[in-house]
Amino acid sequence: MPQELRERYARAMASLKKANYDYAILHLKELMKMAPGFAEGRAALRVAQRQTKKGTGFLQRAANTALGAPALAKGKMALHKENPTEALLQAEEVLTADP
């Protein structure tokens, strides 16, 4: 893995350890754009996404689902245009809004 990706991953993991989940998500999403097949980074992103939404109530979960709807539509359009990379990035946006 290139040095830049390793550094970004290290910063994201340090942020996760400090419970700075939003900052970790920012780094991990950028990492996923650069290396979509990096499974460890994707797993860390899921952990951070779940932690940010931990303990939310029903109304907040419903609002989160609505916030992810535009990204879901963009992802479906990307799939129809046979652009799986863009569809994957949009799926990450949906999961950030509603893990």
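Residues numbered from 1 in each chain as written. Predicted model: local features only at pLDDT ≥ 70, side-chain atom pairs only at ≥ 80, totals over all residues. Heavy atoms only, no water.

What is the right way to read the overall build of the chain from this model?
Secondary structure summary: the chain contains five helices and zero strands in total. Listing the helices and strands of the chain from first to last along the sequence gives α-α-α-α-α. Put simply, the chain has 99 residues, and 34% of those count as buried. Counting only contacts in the chain whose residues sit at least 6 apart along the sequence, the fraction spanning at least 24 positions is 55%. Taken as a whole, the chain presents about 6300 Å² of accessible surface, with 59% of it coming from carbon and sulfur. (Helix = DSSP H or I, 4+ residues; strand = E, 2+ residues; numbered from the N terminus. Buried < 20%, exposed > 50% of the residue type's maximum accessible area, 1.4 Å probe, protein only. Contact = heavy atoms within 4.5 Å. Areas by Shrake-Rupley, 256 points an atom, 1.4 Å probe, with all protein chains shown as cover.)

What's the story with the packing of aromatic side chains in this structure? I'm lost.
The final tally for this structure, using the stated rule, is one aromatic pair. For the pair tyrosine 9 and phenylalanine 38, a centre-to-centre distance of 5.1 Å together with 80° between the ring planes defines the contact as edge-to-face. Pair noted here: tyrosine 9 is in helix H1 (residues 3-17) and phenylalanine 38 is in the loop between helix H2 (21-34) and helix H3 (39-52), with a separation of 29 residues, a long-range link. (Phe/Tyr/Trp six-rings, centres within 6.5 Å; stacked < 30°, edge-to-face > 60°.)

Sorry if this is basic, but what is going on with the confidence of the model for the chain here?
Low pLDDT marks stretches whose predicted atomic positions should not be read closely. Scored by pLDDT, the chain has a mean of 80; 80% of the residues are at 70 or more. Considering each helix and strand of the chain separately, the mean pLDDT is smallest for helix H4 (residues 58-80), with a value of 68, and largest for H1, with 92. (pLDDT = per-residue confidence, 0-100.)

Just checking my understanding: could you explain the pattern of salt bridges for this structure?
As a working rule, side chains carrying opposite charge can pair if their charged atoms are close by. In this structure the tally under the stated criterion is one salt bridge. Its salt-bridge partner being glutamate 30, residue lysine 33 comes within 3.3 Å of it at the nearest N-O pair. Of this pair, lysine 33 and glutamate 30 both sit in helix H2, three residues apart, roughly one helical turn. (Salt bridge = Lys/Arg side-chain N within 4 Å of Asp/Glu carboxyl O.)

When you look at unusual backbone geometry in this model, what are you seeing that I'm missing?
Residues apart from glycine generally show negative phi values, whereas peptide bonds are mostly found in trans. A positive phi angle is found at alanine 19, which is not glycine, with a value near 60°. Along the chain, alanine 19 falls in the loop between H1 and H2. Residue alanine 19 is classed as partly exposed on the basis of its relative accessible area of 44%.

Before we go on, may I ask you to explain the side chain of arginine 42 in this structure?
Here arginine 42 shows up in helix H3. Using a relative accessible area of 17% as the deciding quantity, one classes arginine 42 as buried. Leave out the neighbours within four places in its chain, and arginine 42 touches Met32, Pro36, Leu88 and Glu92.

Honestly, H1 in this entry has me stumped. Any pointers?
An α-helix turns once per 3.6 residues; consequently, residues spaced three or four apart project the same way. Counted at 1.5 Å a residue, the expected span for H1 with its 15 residues is 21 Å, and the 21 Å between its end C-alpha atoms agrees. Inspection of H1 places Leu5, Arg8, Tyr9, Ala12, Ser15 and Leu16 among the buried residues, and these make up the whole buried set. Projection of H1 onto a plane perpendicular to its axis shows the buried side chains occupying an angular sector of 120°, all on one side. Residues of H1 that are buried sit in contact with H2 and H3. (Expected span 1.5 Å × (residues − 1). Arc of directions from axis to C-beta.)

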